[in-house]
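Analysis of the macromolecular model
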Amino acid sequence: MSRADRPLVAVEDLHVRYRVRLRDVEAVRGVSLSIWPGETVAIVGESGSGKSTLAGAFMGLLASNARITKGNIGIAGDDVTHFSEARWRQLRGRTVGLVPQDPMVALNPTMRIGRQVGEVVQRVRGSRGRVLDADVLELLEQVGLDQPALRARQYPHELSGGQRQRVLIAIALAGRPRLLIADEPTSALDVTVQRRILDHLETLVRHNGISMLIITHDLGVAADRADRVLVMQAGRIVEEGDPAAVLAAPAHDYTRTLLQAAPVLSVPRRPAPQALSDSQIPSGSQVLPPREILRFDAVSKVFELPGARGRFWRGEARRFQALDSVSFSVAAGQTLAIVGESGSGKTTSLRVALGLEQASAGRVVFDGATDLSRLSWSAFRPLRKRMQLVQQNPYASLDPRLTIFESIVEPLRAFGLLKGPALETEARRLIDQVRLPRAALNRLPRELSGGQRQRVAIARALALKPELLFLDEPVSALDVSVQARILELLGELQRELGVSYVLVSHDLAVVASVAHHIVVLRHGRVVERGPSAQVFGHPAEAYTRELLDAAPGRRLARKADSRPVALYA
């Protein structure tokens, strides 16, 4: 039998158990599957369904408390079920490559990007000297990084989340593997970069016979990119088949539940409040415009890049324009979403608004009176009670040593607002507010799920009763059913508390479901802004249309004779 006549991956009746607190937890239960050369298979399911455990078994990277209790795994003709670490090292990189989900954990913060990619290239390909440099730059360019020579000299913290994710993809491709396992490979990427990355991976699969296993909670990615979709629930495969059949007409109740929870990319359901017409205004009454909680007036931000001499880049000091005369406003009680590609200036805008970076020009006006752009750290501190940040990764933003109670009340203690029994009462009120059980107050972050940790992060942000919340990709790392619950919670809190949101997100379906107004950034400039219904329904700029067209799920809709599937109506 030739190599192409047999599957590259063959799994038979696989069972994997974890030993947790003196008891066994079965994470994978009787899974059987095959992946053929040149085939792309997507596994979808909620957190805890067994997706990542399965991927770990394929890489020989199961946790120390996990073991395969039954079944076997065949990769490229070898039974790898009980391979030693030495034998796995021969397969990793060359036969099996991995794109992990969290780039800040996977990348070494003390090493430049070029050196990290170069280490893998040198180990697998044996390249050295100028050939090694050329190979590194070629890989960085292949995965869509602009200015690859500059990026090679930077450290991970100097790149955006999307740029760091592309570095991981370059590292995974360095060994020219036959099987590429992509664990949420585009969760941190904006839609246009996501499309370029997935197009590139698809080309590799098609032309080089590489097989790809995509682990994802993004049903649009699975619909567009997979030849077959496997749906996992509680360690078992409950449905399998062609994406059009599984996702457009699911047979299993669990698959239907996932689809119902998926955010829909359509004309937004939350239009901005409309002004009253003259006939609707009572005689003698004066209608005031909504209060402006935040305004950017021609804000610019320039970063000075130090000159450097080295292998990848030689030059004098350079300037990078992150924001260029950006103007927008946020109305009280409403949600403004900032969208755009990685490096467009979205996160820089948040950092300037929060006083973490100082604007090079322009003004940031809070509540119509206070110019934040020129305040010292001490002068800014009292205003921090009125604005708070909810970060993208709740596990990274919570101190793993503190209980949930200690994390939630930390802002109250920092400002000396409450103590003793009053602090405990407030913690219970906040945990109730984000719909978590009070028993969670005594737990550590690692004992909660991703969605529960994000609720804790929201509770902590609300502790000081802010008027404005900055939401930096608040649901990008969560599966669709948890996303839906967090977005519903944010909507309820806005209606109950009147809090304003500035949302940064690359997921246009999420933006469509929560935003009243949208600002589209590109290369630090505003290219379009307006009410969500206008921007999504009648985009004026070609770049906005490109973003909408690149949204996952559109491919399958076009394949179905333009009849939209349940993912994106």
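Refer to the structure presented above.
Residues numbered from 1 in each chain as written. Predicted model: local features only at pLDDT ≥ 70, side-chain atom pairs only at ≥ 80, totals over all residues. Heavy atoms only, no water.

**Points about the overall build of the protein chain**
Applied cut-off: A run of DSSP states H or I qualifies as a helix once it reaches four residues; a run of E qualifies as a strand once it reaches two. Both are numbered from the N-terminal end. To sort residues, take the accessible area from a 1.4 Å probe on protein chains only and compare it with the maximum for the residue type: under 20% means buried, over 50% means exposed, and anything in between is partly exposed. We call two residues in contact whenever any of their non-hydrogen atoms come within 4.5 Å of each other. Values of accessible area rely on a 1.4 Å probe in the Shrake-Rupley scheme; residue burial ignores everything except the protein chains shown.
Each helix and strand counted, the protein chain has 22 helices and 20 strands in total. Across the 569 residues in the protein chain, those meeting the buried criterion constitute 52%. Of the contacts formed within the protein chain by residues at least 6 apart in sequence, a portion of 70% connects residues at least 24 apart. Looking at the protein chain as shown, the accessible area adds up to about 25,300 Å², and 49% of this sits on carbon and sulfur atoms.

**Looking at the side chain of Lys 51**
If you trace the backbone, Lys 51 turns up in helix α1 (residues 51-59). Using a relative accessible area of 8% as the deciding quantity, one classes Lys 51 as buried. Leaving out residues up to four positions away in the same chain, Lys 51 has contacts with Ile 43, Val 44, Gly 45, Glu 46, Ile 215, Thr 216 and Met 232.

**Brief notes about α1**
Counting buried positions over the 9 residues of α1 gives 8, a clear majority of the element. Among all positions of α1, only Lys 51, Thr 53, Leu 54, Ala 55, Gly 56, Ala 57, Phe 58 and Met 59 are buried. Where α1 terminates, the next one or two residues include Gly 60, which has phi positive at roughly 65 degrees.

**Brief notes about the environment of Leu 150**
Structurally, Leu 150 can be placed in helix α6 (residues 148-153). The exposure class of Leu 150 is buried, given its relative accessible area of 8%. Linking Leu 150 and Leu 137, residues 13 residues apart in sequence, is a C-alpha distance of 9.7 Å.

**A closer look at the sheet that holds strand β5 (residues 78-79)**
The test is simple: The pairing criterion is simple: DSSP has to find at least two bridges between the two strands.
Taken in spatial order, the 4 strands make up an open sheet running β2-β1-β4-β5, and their pairing is antiparallel. This sheet does not close on itself; its edge strands, each paired only once, are β2 (23-35) and β5. The pairing of strand β1 (residues 9-20) with β2 spans 10 bridges and is antiparallel. When the bridges of β2 are listed, Tyr 18 appears paired with Val 25.

**Examining unusual backbone geometry**
Positioned with a positive phi, Ala 234 is a non-glycine residue whose angle comes to about 50 degrees. Note that Ala 234 resides in the loop between β9 (228-233) and β10 (236-241). Phi is positive for Glu 473, which is not a glycine, with a value near 50 degrees.

**Here we look at the nonpolar core**
For clarity, the cut-off: Put simply, buried Ala, Val, Leu, Ile, Met, Phe, Trp, Tyr and Cys residues joined by side-chain atoms within 4.5 Å make one nonpolar core.
Membership of the largest hydrophobic core comes to 54 residues, with the highest contact counts inside it found for Ile 408, Ile 458, Val 511 and Ile 518. If near-sequence neighbours (up to four positions away) are discounted, Val 511 is found in contact with Ala 337, Val 339, Leu 503, Ser 505, Ile 518 and Phe 536. The next biggest cluster of nonpolar side chains, apart from the first, holds 50 residues, and it includes Ala 42, Leu 180, Val 193 and Leu 204.

**Quick word on the layout of surface pockets**
Our working rule: We place a 1 Å grid over just the protein atoms. Points where a 1.4 Å probe fits but has no way out form a cavity, open points with protein on both sides within 12 Å along at least 5 of 7 lines form a pocket, and any residue with an atom within 4 Å of a point lines it. Grid points are joined across faces, edges and corners, and a volume is the space filled by probe spheres set on the points.
The volume enclosed by the second largest pocket comes to roughly 580 Å³. Taken together, 20 residues make up the lining of the second largest pocket; nearest its centre are Arg 384, Met 387, Gln 388, Leu 389 and Pro 411. Breaking the lining of the second largest pocket down by element, the ones donating at least two residues are α13 (377-380), β16 (387-390), α15 (404-414) and α17 (450-462). Element by element, the count of residues in the lining of the second largest pocket is highest for β16, at 4 residues.

**Notes on empty space enclosed by the protein**
As a reminder of what qualifies: For this scheme, ten residues count as nonpolar: Ala, Val, Leu, Ile, Met, Phe, Trp, Tyr, Cys and Pro. Four count as charged, namely Asp, Glu, Lys and Arg, and the remainder, Gly too, count as polar.
One pass over the full model with this rule turns up 3 cavities of 30 Å³ or more. By volume, the second largest cavity amounts to about 70 Å³. If you go around the second largest cavity, you meet 11 residues; those closest to its centre are Leu 471, Leu 487, Leu 490, Tyr 501 and Val 514. Of the residues forming the lining of the second largest cavity, the biggest block, 3 residues, is contributed by helix α18 (residues 480-497). Taken together, the residues that form the lining of the second largest cavity break down as 8 nonpolar, 2 polar and 1 charged.

**Description of the packing of helix α8 (residues 191-208) against helix α21 (residues 542-549)**
Between two packed helices, the angle of one axis relative to the other and the distance separating the axes together describe the packing. Let me state the cut-off plainly: For every element, the axis is a line fit to its C-alpha atoms; helices are fit only across the contacting stretch, and the angle between N-to-C directions ranges from 0 to 180 degrees. The cut-offs work like this: below 35 degrees is roughly parallel, past 145 is roughly antiparallel, 65 to 115 is roughly perpendicular, and the gaps in between are oblique. Crossings are classed by handedness, with left-handed meaning an anticlockwise turn of the near helix from the far one by less than a right angle and right-handed meaning a clockwise turn.
The geometry of α8 relative to α21 is characterised by a closest axis approach of 8 Å and an angle of 55 degrees between their N-to-C directions. It follows that α8 is oblique to α21 by the angle criterion. Where α8 crosses over α21, the handedness of that crossing is left-handed. Residues Val 191, Thr 192 and Arg 195 of α8 pack against Glu 546, Leu 547 and Asp 549 of α21. For the contact of α8 with α21, the residue count by class is 2 nonpolar, 1 polar and 3 charged.

**Comments concerning the pattern of salt bridges**
Rule in force here: The term salt bridge refers to a side-chain nitrogen of Lys or Arg lying within 4 Å of a carboxyl oxygen of Asp or Glu.
Inspection of the entire model under this criterion finds 30 salt bridges. Across the pair Arg 228 and Glu 240 runs a salt bridge whose closest N-O atoms are separated by 2.6 Å. Of this pair, Arg 228 sits in strand β9 while Glu 240 sits in strand β10, and the two are 12 residues apart along the sequence. Take Glu 240: its relative accessible area is 41%, and that puts it in the partly exposed class. The residue Asp 297 makes a salt bridge to Arg 363 at a minimum N-O spacing of 3.4 Å. Of this pair, Asp 297 sits in strand β11 (residues 292-305) while Arg 363 sits in strand β14 (residues 361-366), placing them 66 residues apart in sequence. Three or more residues are tied together by salt bridges with common partners; here these are Arg 17, Arg 19, Asp 24 and Arg 67.

**Let's talk about the environment of Arg 256**
Looking at where Arg 256 falls in the secondary structure, it is placed in helix α11 (residues 253-261). With a relative accessible area of 31%, Arg 256 lands in the partly exposed category. In sequence terms Arg 256 and Val 246 are 10 residues apart; their C-alpha atoms lie 9.4 Å from each other.

**Details of the sheet that holds strand β6 (residues 96-99)**
Here 6 strands make up an open sheet; going across it, the order is β6-β7-β8-β3-β9-β10 and the pairing mixed. One side of each edge strand has no neighbouring strand; the edge strands of this open sheet are β6 and β10. Across the sheet, the mean angle separating the axes of adjacent strands is 20 degrees when strand polarity is ignored. Here strand β3 (residues 40-44) pairs with β9 via 4 bridges, running parallel. In the strand pairing of β9, Ile 43 is matched with Leu 230.

**Some thoughts on α18**
Put simply, the rule reads: Each residue after the first adds 1.5 Å to the expected span of a helix.
If you check α18, its first and last C-alpha atoms are 26 Å apart, about what 18 residues at 1.5 Å a residue would give, namely 26 Å. Buried within α18 are the following residues: Val 480, Ser 481, Val 482, Gln 483, Ile 486, Leu 487, Leu 489, Leu 490, Gly 491, Leu 493 and Gln 494. Phi turns positive one or two residues past the end of α18, at Gly 498, with a value near 70 degrees.

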